[in-house]
Amino acid sequence: MVEESVNQSYLIYFNPSVYLEERLNAFRKGLARSDGIEYKAGDFLHATLFKAKFSEKDEKKLFEVVLDTERSVFAPRVKEMDLFAQNSLVIKLEKPEELQELHEEIIRVLMPFMQEELPGWFGKGYVPHITLCKSMHGSVPKIPRELENYSWLVDEFYIAKKVDGAWQPFMDFGLSA
């Protein structure tokens with residue numbers, strides 16, 4: 001009997017700082033009240049480094065190759081608000097060289113395990129951003145003044161697996177100085 005492999009969705013991401021997360025949560029709650037924008041309290045704020053489907057049988061190996069990647073701390077900076085995929089309100093981030101290098105290294109080590117084509121928004125087209133909510137009006141509000149050019153130090157990133165329709169974080173990786 002041949003064991004069938006199940007494809008599983010994985011998300012590799014980093015978090016905003018506590019300060020930024022608090023400000024963005026308050027901002028998107030305000031948008032939901034005033035502009036009728038879709039917002040679910042359970043949506044967690046994050047910036048995606050990589051997302052793909054992999055065979056569940058490769059899960060242990062995936063973690064090992066990601067663990068072996070060269071990784072340095074980086075400091076993203078809030079750039080602007082924009083629409084992503086025409087309906088998601090996002091905060092775009094400037095990407096320091098260390099962030100782009102980490103993104104490309106993760107792609108390099110995970111490509112042999114991928115079950116699908118690499119989407120165009122990864123690799124050279126990577127635009128780091130934090131999704132705030134779905135926009136029903138297609139309008140882009142101004143970024144809150146206290147967040148203009150805000151930057152923070154990212155010293156870890158995470159892997160989550162989609163379980164019953166929700167992302168479940170289950171492994172973290174430190175970044176070196």
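Every chain's residues receive numbers from 1 upward, in the order its sequence appears when written. Only residues with pLDDT of at least 70 get local features here, since the model is predicted, and only at 80 or more are side-chain atom pairs given and counted; chain-wide, interface and lining totals rely on the full set of residues. Calculated side-chain values reflect all of the structure's heavy atoms, with hydrogen atoms and water omitted.

Trainee: Is there a simple way to explain a positive patch on the surface in this structure?
Mentor: Each patch is built from residues lacking any salt bridge and having more than 30% relative accessible area; the joining distance is 9 Å for like charges and 5 Å for nonpolar side chains (Val, Leu, Ile, Met, Phe, Trp, Tyr). The method behind every accessible area is Shrake-Rupley, applied with a 1.4 Å probe, and residues are considered shielded solely by the protein chains displayed. Criterion for a salt bridge: a side-chain nitrogen of Lys or Arg within 4 Å of a carboxyl oxygen of Asp or Glu. Counted charges follow a simple rule, with Lys and Arg positive, Asp and Glu negative, and His plus the chain ends left uncounted. Charge positions come from single atoms, namely NZ of Lys, CZ of Arg, CG of Asp or CD of Glu. A grouping of Lys 51, Lys 53, Lys 134 and Lys 162 is seen on the molecular surface, where their side chains present a positively charged patch. Working definition: with a 1.4 Å probe on protein chains only, accessible area under 20% of the residue-type maximum means buried, over 50% means exposed, and in between means partly exposed. On the basis of relative accessible area, Lys 51 is assigned to the partly exposed category, the value being 44%.

Trainee: What am I meant to see in the packing of aromatic side chains here?
Mentor: The way to describe two aromatic rings as a pair is by their centre distance and the angle between their planes. Whether two aromatic rings pair depends on their centres lying within 6.5 Å, for rings of Phe, Tyr and Trp, where Trp uses its six-membered ring; planes under 30 degrees apart make the pair stacked, over 60 edge-to-face, and the rest tilted. Counting across every chain of the model gives 11 aromatic pairs. Ring geometry for Phe 14 and Trp 152: centres 6.5 Å apart, planes at 40°, overall tilted. Here Phe 14, found in strand S1 (residues 7-14), pairs with Trp 152, found in the loop between strand S5 (129-134) and strand S6 (156-163); they are 138 residues apart in sequence, far enough to count as distant. Trp 152 matches Phe 14 in its accessibility class, with the two residues each being buried. Ring-pair connections join several aromatic residues into one group, and the members of that group are Phe 14, Tyr 19, Phe 74, Tyr 150 and Trp 152. Note on criteria: charge over ring means Lys NZ or Arg CZ within 6 Å of the ring centre, with the direction from the centre no more than 35 degrees off the ring normal. For Lys 161, the ring lying beneath its charged end belongs to Phe 170, and the centroid distance is 5.8 Å. For the purposes of this entry, the term helix denotes a DSSP run of H or I that reaches at least four residues, the term strand denotes a run of E that reaches at least two, and both are numbered from the N terminus.

Trainee: How should helix H3 (residues 97-110) be read in this particular structure?
Mentor: Owing to its 3.6 residues per turn, the α-helix brings residues three or four apart onto one side. Here H3 is 14 residues long and its end C-alpha atoms lie 20 Å apart, about the 20 Å a rise of 1.5 Å per residue gives. Every buried residue belonging to H3 is among Leu 99, Gln 100, Leu 102, His 103, Glu 105, Ile 106, Ile 107, Val 109 and Leu 110, and all of these are buried. In this fold, the buried residues of H3 make contact with S1, strand S2 (47-55), helix H2 (59-67) and S6. Expected helix span is taken as 1.5 Å per residue step, with the number of steps being one fewer than the number of residues. Contacts between residues were defined by any pair of non-hydrogen atoms, one from each residue, lying within 4.5 Å.

Trainee: Which parts of the structure should I look at to understand the environment of Gln 8?
Mentor: Turning to its location among the elements, Gln 8 is positioned in strand S1. When the C-alpha atoms of Gln 8 and Lys 57 are compared, they prove to be 9.5 Å apart, with 49 residues separating the residues in sequence. Side-chain polar atoms of Gln 8 contact the backbone oxygen of Lys 162, separated by 2.4 Å. Any pair of N or O atoms that falls within 3.5 Å is considered a polar contact. Within protein, one atom must be able to donate a hydrogen and the other to accept it, and sequence-neighbouring residues count only if both atoms are side-chain atoms.

Trainee: For this particular structure, what's the right way to read the environment of Arg 77?
Mentor: With respect to the helices and strands, Arg 77 occurs in strand S3 (residues 77-84). As for Arg 77 and Lys 92, which are separated by 15 residues in sequence, their C-alpha atoms are 8.6 Å apart. Apart from residues no more than four positions distant in its own chain, Arg 77 is found in contact with Lys 92, Leu 93, Glu 94, Asn 149, Tyr 150 and Ser 151. Of the polar contacts made by the side chain of Arg 77, one reaches the backbone oxygen of Asn 149; its length is 2.7 Å.

Trainee: What is the right way to read the pairing of S3 from this model?
Mentor: Every regular strand shows the same layout, with side chains that alternate between the two sheet faces. The rule for pairing is simple: two strands pair if DSSP sees at least two bridges between them. Direction of pairing for S3 relative to strand S4 (residues 88-94): antiparallel, over a ladder of seven bridges. Considered in S4, the bridge of Leu 83 is made with Leu 89. Once S3 ends, the chain turns through three residues before running back antiparallel as S4, passing Ala 85 with a positive phi of about 55°.

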